[in-house]
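Okay, here's what each chain looks like letter by letter:
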Amino acid sequence: MPPRRPSKSLRRGGLSTLRRSGAVSDLLFLYDCETQEVGQLRTIAERLGLSVQAASHTFRSLARRGLVELRDGRYRPTVRGVDWLHSALGGVRDDLAERLDRLHIVRTTSAVAAAAIAAGQRVALDIRDGVLTATPGATEGSRGRASRAAGAGELVEVGELEGIVPLPHGRLQVIALPSDRIADRELPAEVRATLDTSRAGLLAAFGLGAYHVLARAAPTRPFVRFGVAAALAEATELGVDGTVVVTDRDLPRLFEQFDRPETPSLEFLPLRRAVGHRSLRRPPARRERRE
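Bear in mind that the values here come from a model prediction, so they are computed numbers and not experimental data. (Residues numbered from 1 in each chain as written. Predicted model: local features only at pLDDT ≥ 70, side-chain atom pairs only at ≥ 80, totals over all residues. Heavy atoms only, no water.)

Quick one: what's the story with the overall build of the protein chain, residue by residue and with numbers?
If you tally the helices and strands in the protein chain, you get 9 helices and 11 strands. The buried share among the 291 residues of the protein chain stands at 35%. Considering only intrachain contacts with a sequence separation of at least 6, the fraction spanning at least 24 residues in the protein chain is 61%. Accessible surface, the protein chain as shown: approximately 18600 Å² in total, 51% of it carbon and sulfur. (Helix = DSSP H or I, 4+ residues; strand = E, 2+ residues; numbered from the N terminus. Buried < 20%, exposed > 50% of the residue type's maximum accessible area, 1.4 Å probe, protein only. Contact = heavy atoms within 4.5 Å. Areas by Shrake-Rupley, 256 points an atom, 1.4 Å probe, with all protein chains shown as cover.)

Please give an account of the sheet that holds strand β4 (residues 122-128) that cites residues and values.
In space, the 5 strands of this closed barrel follow the order β3-β5-β4-β6-β7, with mixed pairing throughout. Taking each pair of neighbouring strands and ignoring which way they run, the sheet shows an average axis angle of 55°. When β4 meets strand β5 (residues 131-136), the two strands line up antiparallel, connected through 6 bridges. Bridged to D126 within β5 is T133. (Pairing = 2+ DSSP bridges. Axes fitted to C-alpha atoms, helices over the stretch in contact; angles between N-to-C directions.)

Go over the packing of helix α2 (residues 23-35) against helix α4 (residues 52-64) with me, naming the residues and quoting the values.
At their nearest, the axes of α2 and α4 sit 10 Å apart, and the two run at 85° to each other. What the angle tells us is that α2 and α4 run roughly perpendicular. Taken together, the residues of α4 that come into contact with α2 (itself represented by S25, D26, F29 and L30) are A55, T58, F59 and L62. When grouped by side-chain class, the residues that make up the contact of α2 with α4 number 5 nonpolar, 2 polar and 1 charged. (Parallel < 35°, antiparallel > 145°, perpendicular 65-115°, else oblique. Nonpolar A, V, L, I, M, F, W, Y, C, P; charged D, E, K, R; others polar.)

Go over the pattern of salt bridges, please, and point to the residues and values.
Pairing is possible between side chains of opposite charge, provided their charged atoms come close. By the definition in use, this model includes 17 salt bridges. Put simply, D94 and R93 hold a salt bridge, and the shortest N to O gap is 3.2 Å. In this structure D94 comes out as partly exposed when scored by relative accessible area, which is 45%. A relative accessible area of 57% places R93 in the exposed class. Linked by salt bridges that have partners in common, R122, R143, R145, E160 and E162 make up one network. (Salt bridge = Lys/Arg side-chain N within 4 Å of Asp/Glu carboxyl O.)

Mind laying out the environment of Y75, listing which residues take part and the relevant values?
Relative to the helices and strands, Y75 is located in strand β2 (residues 74-77). For the pair Y75 and D32, spaced 43 residues apart in sequence, the C-alpha to C-alpha distance is 9.3 Å. Aside from chain neighbours lying at most four places away, what touches Y75 is C33, V38, G39, Q40, L41, F59, E69 and L70.

Before we move on, can you summarise the pairing of β2 with the specific residues and values?
Residue alternation in β2 divides its side chains into a buried set, Y75 and P77, and an unburied set, R74 and R76. Examined bridge by bridge, strand β1 (residues 68-71) and β2 share 4 bridges and lie antiparallel to one another. By the bridge assignment for β2, V68 is matched with P77. Counted along the chain from β1 to the antiparallel partner β2, the turn is 2 residues long, and its residue D72 has a positive phi close to 55°.

If you had to explain the nonpolar core to someone new, which residues and values would you point to?
The nonpolar side chains of a soluble globular protein tend to be buried, and buried together. If you look at the biggest cluster of nonpolar residues, it comprises 17 residues, and the most contacted ones within it are F29, I44 and V68. Elements supplying a minimum of two residues to this core: α2, α3 (41-48), α4 and α5 (79-101). Sort the elements by how many residues they give to this core and α2 lands first, with 4 residues. Those residues within four positions of V68 in sequence are excluded, and the remaining contacts are F29, L30, C33, F59, L62, A63, R76, P77 and T78. (Core = buried A, V, L, I, M, F, W, Y, C linked by side-chain atoms within 4.5 Å.)

Outline the sheet that holds strand β10 (residues 242-247), supporting the account with residue identities and numerical values.
Reading across from one edge, β9-β10-β8-β11 is the order of the 4 strands in this open sheet, with parallel pairing throughout. Looking along the sheet, the strands with just one partner apiece sit at the ends: β9 (202-206) and β11 (265-268). Averaged over all pairs of adjacent strands, the angle between strand axes in this sheet comes to 25°, irrespective of strand direction. Judged from the 5 bridges that link them, β9 and β10 form a sheet pairing that is parallel. Bridging from a neighbouring strand, L203 pairs with T243 of β10. The strands that helix α6 (residues 187-195) touches are β8 (171-177), β9 and β10; relative to β8, the one it contacts most, it runs at about 160°. Lying on the sheet, helix α8 (residues 228-237) is in contact with β8, β9 and β10; it crosses β9 at an angle near 155°.

So what's going on with helix α7 (residues 208-217)? Residues and values would help.
Along α7, the positions that sit buried rather than exposed are A210, V213, L214 and A217. The arc that holds the buried residues of α7, viewed along the axis, is 95°, so those residues lie on one side. Here the buried face of α7 lies against β8, α6, β9 and β10. (Arc of directions from axis to C-beta.)

Given below as structure tokens:
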């Protein structure tokens, strides 16, 4: 039986794949064999904090996969084993670096004062309509101390930060337009009626067809046309609801552009018939009864 190829999940998956039973032992065993002179399993078992039986099991598992061998009285990785070791550790390194980049240590921040705040006063921090807001008085939750006085609605610098600001989650509402109805003169009125039932928040149009219809459906309402996926993702992450108008043909392309692991919670809004709308279709012709 040919040796089993190394697991692609560990070579590409980063830290999450280390949860697999034995994954860490496999990496450390192979690393020791590459960087140390290992002539006895007891030696490597002691370094890794394993029993000799566990080290023997790890060796046999790696050997079956063609990653390590006993050569000239030494445990050594094969060429495939060295390649696998570099790929696996490289994946872990890249994943770790990406995760560290997302951990921002914030020592001071700016917030909008919900009411008058005195210099040095303790404040509570929370997200309101997508805006970090400081409220005088705080005993628990996310809090800090105002660096200077500020009136209601003014920006205030907050230091001595403690706790984590809870992030509310907005909902993404989707109005999917039938691609074959883009030129339909009745479609903008239906979109306008549908928008009347949607939550207030960020409005966006993805694609030229959707822009063409939305500009006629809501001519006085501002909406996002560029960077739609990024704008909707950021808004919903800060608790702001979003509504996007998109053709059914462009819908897959829109979701492909979300750079987060998951898209926001979705709600598809069905098109609504406009108030006072009358169908232009002619009624069927009446049949005359023949005697």
